[in-house]
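Chain by chain, the residues run as shown.
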Amino acid sequence: MAFLCVVWLLPVVVVLFNSFKNKLFINLEPFSLPTEQTFIGLENYETAIDKYGFLDSVGWTVFITVGSVAVILICTSMCAWYITRVQNRFTKAVYYLCVFSMVVPFQMVMFTLSLIADRLGLSTPWGIIVIYLGFGAGLAVFMFCGFVKTIPIEIEEAALIDGAGPIRTFFTVVIPIMKPTFISVGILQTMWIWNDFLLPYLVLDTTKYKTISIVIQFMKGSYGRVDMGAIMAALIMAVIPVVVFYLSCQKYIIKGVAAGAVKG
């Protein structure tokens, strides 16, 4: 187990060391520690921020990630609750469509998606949230449905007897009970959207909006010119937030997945 941890962490450590080295020595001595000759301090980080607009990309990435995850959680949890509690042909069809969407390769729809997004005016950080909702709904609905089946319906009936309507019952009774799955779905969706490159690159107008992944790609210039120093620094700055977020919430992942796996 310790050996596997070292194998997984080694690339991150190599990138961290290289982010403090002159880009010439990154190519010549990629696995060596920074020395007095190769160490250049925070110069690569300053280049990534000042020259390539890394902070702007962080802002757009945060906006897209937070917005998309919030919309996915609210819409899919309500959908899963309705599907589970209302048993008819329509809800069954919706459920199986959500499950089917999990196995459809993105490459199958990406060109059509790009065309439709452009024609509908979804090539903005606001529009891409709708697209992420479509792609993230399958897994989220599947996990939420599994958990809702474990909630005793008597609890919801008691709320209805007390005068609570369906919306109030959902937000005051169901969501607090769904907290483990809510958090685990949020973590999985956050890590996916934060690190995603292909969907924003296909959909967004990159002349106006760039996510972190797109900015890192743009650091590779024309004629094979690559600013390796800035790329290494940008990778470290991009990884730190999601790693901290994951480590602070990882205990909920297994709990949420296990809770959504019963009564399949």
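Preceding this section is the structure that the text describes.
A brief look at the structure comes next. Predicted model only: the values in this text are computed from it and were never measured.

1. Things to note about the packing of aromatic side chains
- Overall, the coordinates contain 14 aromatic pairs when judged by the stated rule.
- With a centroid separation of 5.0 Å and an interplanar angle of 85°, the aromatic rings of W60 and Y209 are classed as edge-to-face. Highlighted residues: W60 in helix α4 (residues 54–85) and Y209 in the loop between α11 (198–203) and α12 (212–218), separated in sequence by 149 residues.
- For W60, a relative accessible area of 25% translates into the label partly exposed.
- On the accessibility criterion, Y209 (14% relative accessible area) is buried.
- Site record: aromatic cluster; members linked through ring pairs are W60, F63, W126 and Y209.
- In this arrangement the basic side chain of K149 is found over the ring face of Y95, its NZ or CZ atom lying 5.8 Å from the centre.

2. As for the state of the cysteines
- Tallied over the entire structure, the rule returns 0 disulfides.
- C79 provides the cysteine sulfur closest to C75, a residue in no disulfide bond, and the two sulfurs are 9.0 Å apart.
- C98 forms no disulfide, and the closest cysteine sulfur to it belongs to C79, at a distance of 5.2 Å.
- For C98, a relative accessible area of 12% corresponds to the buried category.

3. Section: the pattern of salt bridges
- Taken as a whole, this structure holds 1 salt bridge when the rule is applied.
- Close ionic contact of R85 with E156 constitutes a salt bridge, the shortest N to O distance being 2.8 Å. Of the two residues, R85 sits in helix α4 while E156 sits in helix α8 (residues 153–161), which places them 71 residues apart along the sequence.
- By relative accessible area, E156 is classed as buried at 6%.

4. Here we look at the environment of F170
- Relative to the helices and strands, F170 resides in helix α9 (residues 166–177).
- In this structure, the C-alpha to C-alpha distance between F170 and A159, residues 11 residues apart in sequence, is 9.7 Å.
- Setting aside chain neighbours within four positions, we find F170 in contact with S77, M78, W81 and I175.

What counts, and at which threshold
Residues numbered from 1 in each chain as written. Predicted model: local features only at pLDDT ≥ 70, side-chain atom pairs only at ≥ 80, totals over all residues. Heavy atoms only, no water. Phe/Tyr/Trp six-rings, centres within 6.5 Å; stacked < 30°, edge-to-face > 60°. Helix = DSSP H or I, 4+ residues; strand = E, 2+ residues; numbered from the N terminus. Buried < 20%, exposed > 50% of the residue type's maximum accessible area, 1.4 Å probe, protein only. Lys NZ or Arg CZ within 6 Å of the ring centre and 35° of its normal. Disulfide = S-S within 2.5 Å. Salt bridge = Lys/Arg side-chain N within 4 Å of Asp/Glu carboxyl O. Contact = heavy atoms within 4.5 Å.

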